[in-house]
Amino acid sequence: MKKNEFMLLSLLFAVMLMINACSSAPAAEPAPEKPAPQEEQAPAETEPKNENSTPEMDFDMGGRTIKVVAWWDMQITDNNPDNIKRLENLEALKKKHNFNIEYVSIDFGEYQEKVVASLMAGEPLGDFVRLGKNYAIPALTKQDLLWPVDDYIKNDQVFNQKTTKEYMQYEGKGYGFTEDKSSFINGIFYNRTLMQELGLKPLQEYVDADEWNWDNFLAVAKQANKDRNNDGKLDTWGLAQTGLLEPILYSNEASLTKEDKQNLEDPKTKEALNFLNKLATEKVGRPTEGGDWTEPATFFRQGNTLMYSGAMYEIEGIKTDMPDYDIGFLPYPKGPSASAYHSGESRYQAITIPKAVENPEQLMYIWEKINEIDSIYDYPEQSTLERHLTDEADINNAREVAAGMLVLDHNTFPSLPYWDFDGELKEGVSVSTLIEKYKAPFQAAIDEVYK
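The rules we used
Residues numbered from 1 in each chain as written. Predicted model: local features only at pLDDT ≥ 70, side-chain atom pairs only at ≥ 80, totals over all residues. Heavy atoms only, no water. Helix = DSSP H or I, 4+ residues; strand = E, 2+ residues; numbered from the N terminus. Buried < 20%, exposed > 50% of the residue type's maximum accessible area, 1.4 Å probe, protein only. Contact = heavy atoms within 4.5 Å. Areas by Shrake-Rupley, 256 points an atom, 1.4 Å probe, with all protein chains shown as cover. Axes fitted to C-alpha atoms, helices over the stretch in contact; angles between N-to-C directions. Parallel < 35°, antiparallel > 145°, perpendicular 65-115°, else oblique. Nonpolar A, V, L, I, M, F, W, Y, C, P; charged D, E, K, R; others polar. Pairing = 2+ DSSP bridges. 1 Å grid on protein atoms, 1.4 Å probe; cavity = no way out; pocket = protein on both sides within 12 Å on 5 of 7 lines; lining within 4 Å. Points joined across faces, edges and corners; volume = space filled by probe spheres on them. Polar contact = N/O pair within 3.5 Å; in protein donor to acceptor, adjacent residues only side chain to side chain. Salt bridge = Lys/Arg side-chain N within 4 Å of Asp/Glu carboxyl O. Arc of directions from axis to C-beta.

Where an unreviewed UniProt entry is consulted, the protein chain appears under the name Carbohydrate ABC transporter substrate-binding protein, CUT1 family, with the organism given as Paenibacillus polysaccharolyticus.

What follows is the structure, encoded as structure tokens:
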């Protein structure tokens, strides 16, 4: 018995020794995880690289003051997140490249004369000078007074490519640029409240059906010309103005001049002139009451005129003055030869660098890097359009005409008798008579500038 007890105690002691030995032994290292093959690892999410961005440059401008000249103060303000980023970029660039910047504003009334005189004298008023295309091309470019900037605007996330490659061209080179991706937006403002009172078909339906053309525009304007109180006189009108020469031209992709030639006999231009003649002879627009050029806008604000041809910069004032009316926006009606809806300008302007200014590549690099930001906006003029246009269709109309903006060049020629021509057109003079009368004076005015 005692022998058995001794053996049992011995076995129990041996087991306890083994447990104690195991608990005091060092812990085994975990086996290292086998790394996933390279092709199986998820790629890191990074911003796509802008391949057109100019590589970083290293230069010292020696404390030079860069002057930016325009007919308003172009200084960047901190009024939105995008501009705050631009200001931060500017401050970093000033420190790195050792320069200052000054914004020079010259009164519009004397701007062209002063700026052109300084360029002709070889003493430009600034390094970046805003110029109107109508007096810069070809008058200044053919004298080699401006740097071509084609090689410096490849960063399409910064520079508006149409400005240099289309609008500011001369003999295959671009002489103007801008970082502003917006376009001049103009079209037809219309009084939706009056439209409903008159029982008219919603005008947006014409756009939605791709039927907003000259014929339907004319029909709508006539429908709104009404004598609602039966006194024998019209008391509502369809169209606030009679003079629509420029809008009808670019709504048909037409023009009065084309480079160094008059363009009155072009089929598209003839179509536009014939339609304007129809508006005049059928007395569609609201007649003048002896007012000045602001009269059509005044008519529209009275609330008894359906449509007004105007520019988007007017929308805030219109809505302020017409709080009881629902205001919409349409493209200009599409002409028979047009491929799209268009807005247009006849006095386009952009930034240039005078030929007397040294190191244009450094200046263009600075302008690019100031404006190389990730914008918070989805499209140009988003803030303005969404603030003032309450209907999504109106916003889409504005964006569509902006994308199709065209530039007319007849204001390039100081002697071209534009207003005489327009006046006779509004009086209903036949198109064939007008063309025959004005084609020679138009060409002579063009030759004065080009030859």
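(A) Seen up close, the overall build of the protein chain. Along the protein chain, the regular secondary structure elements total 17 helices and 14 strands. Per-residue burial for the protein chain yields a buried fraction of 46% across its 451 residues. Pairs at least 24 residues apart make up 76% of the contacts formed inside the protein chain by residues separated by at least 6 positions. Total accessible area on the protein chain is roughly 24300 Å²; 50% of this is exposed by carbon and sulfur atoms.

(B) Quick look at the packing of helix 8 (residues 214–224) against helix 10 (residues 267–281). Between helix 8 and helix 10, whose axes approach to 12 Å, the crossing angle comes to 10°. Relative to helix 10, helix 8 is oriented roughly parallel. For the pair helix 8 and helix 10, the contacting residues are Trp214, Phe217 and Leu218 in the first and Glu271, Ala272, Phe275, Lys278 and Leu279 in the second. Among the residues forming the contact of helix 8 with helix 10, the class breakdown is 6 nonpolar, no polar and 2 charged.

(C) Spotlight on the sheet that holds strand 2 (residues 99–105). Read across the open sheet, the 4 strands follow the order 2-1-3-13; overall the sheet is mixed. The open sheet is flanked by strand 2 and strand 13 (349–352), the only strands paired with a single partner. Across the sheet, the mean angle separating the axes of adjacent strands is 20° when strand polarity is ignored. Inspection of the sheet shows strand 3 (residues 128–132) paired to strand 13 by 4 bridges, in the antiparallel sense. If you follow Arg130 over to strand 13, its bridge partner there is Ile351.

(D) Geometry of the layout of surface pockets. Of the volumes computed, that of the second largest pocket is approximately 1600 Å³. Around the second largest pocket, the lining is made up of 50 residues, and of these Gln241, Gly243, Trp293, Ser309 and Trp419 lie nearest the centre. At 5 residues, helix 16 (residues 418–426) tops the list of elements feeding residues into the lining of the second largest pocket.

(E) A look at the side chain of Asn304. The residue Asn304 is located in the loop between helix 11 (295–301) and strand 10 (305–311) in this model. Under the relative-accessibility criterion, Asn304 is labelled buried at 19%. Among the polar contacts listed, one links the side chain of Asn304 to the side chain of Thr305, at a separation of 3.4 Å.

(F) Geometry of the pattern of salt bridges. Throughout the structure, instances matching the rule amount to 21 salt bridges. Here Asp144 and Lys355 are joined by a salt bridge, their closest N and O atoms 2.7 Å apart. Separated by 211 residues along the polypeptide, Asp144 in the loop between helix 4 (133–136) and helix 5 (161–167) and Lys355 in the loop between strand 13 and helix 13 (360–370) bring together distant segments of the chain. Looking at Asp144, the relative accessible area reads 45%, which means it is partly exposed. Where Asp321 meets Arg301, a salt bridge forms, and the shortest distance between an N and an O atom there is 2.8 Å. Residue Asp321 is located in helix 12 (residues 315–321), and its partner Arg301 is located in helix 11; the two are separated by 20 residues in the primary sequence. In this structure Asp321 comes out as partly exposed when scored by relative accessible area, which is 46%. Exposure remark for Arg301: the relative accessible area of 26% places this residue in the partly exposed category.

(G) Here's a closer look at unusual backbone geometry. Look at the link from Ile137 to Pro138: it is a cis peptide, with omega at 10°. With respect to the secondary-structure elements, Pro138 resides in the loop between helix 4 and helix 5. For Lys283, which is not glycine, the phi dihedral falls at a positive 50°. Examined against the element boundaries, Lys283 turns out to sit in the loop between helix 10 and helix 11. Residue classification places Lys283 among the exposed residues on the basis of a relative accessible area of 67%.

(H) Region of the structure containing the environment of Tyr377. Assignment of secondary structure puts Tyr377 in the loop between helix 13 and helix 14 (382–388). Classification of Tyr377 as partly exposed rests on a relative accessible area of 28%. Taking the C-alpha atoms as reference points, Tyr377 and Pro81, separated by 296 residues in sequence, lie 9.6 Å from one another. Setting aside chain neighbours within four positions, we find Tyr377 in contact with Asn80, Pro81, Asp82, Gln382 and Ser383.

(I) A look at empty space enclosed by the protein. A full pass over the atoms with the stated rule returns 1 cavity of 30 Å³ or more. Reported here for the largest cavity is a volume of approximately 40 Å³. Residue lining of the largest cavity: Lys133, Asn134, Ser346, Arg347, Tyr348, Val407, Leu408, Asp409 and Thr412, and that is the complete set. Taken together, the residues of the lining of the largest cavity sort by class into 3 nonpolar, 3 polar and 3 charged.

(J) View of the environment of Asp58. Its place among the elements puts Asp58 in the loop between helix 1 (2–24) and strand 1 (64–70). When its relative accessible area of 72% is taken as the criterion, Asp58 is described as exposed. Taking the C-alpha atoms as reference, Asp58 lies 9.5 Å from Gln362; in sequence the two are 304 residues apart.

(K) Expanded view of helix 8. Looking only at helix 8, the buried set comprises Trp214, Phe217, Leu218, Val220, Ala221 and Ala224. What you see down the axis of helix 8 is that its buried residues fit within an arc of 165°, all on one side. Buried-residue contacts for helix 8 involve strand 6 (186–191), helix 7 (204–208), strand 7 (237–239), helix 9 (245–251), helix 10 and strand 10. One side-chain oxygen at the N-terminal end of helix 8 lies 3.3 Å from the backbone nitrogen of Asp215; it belongs to Asn213.

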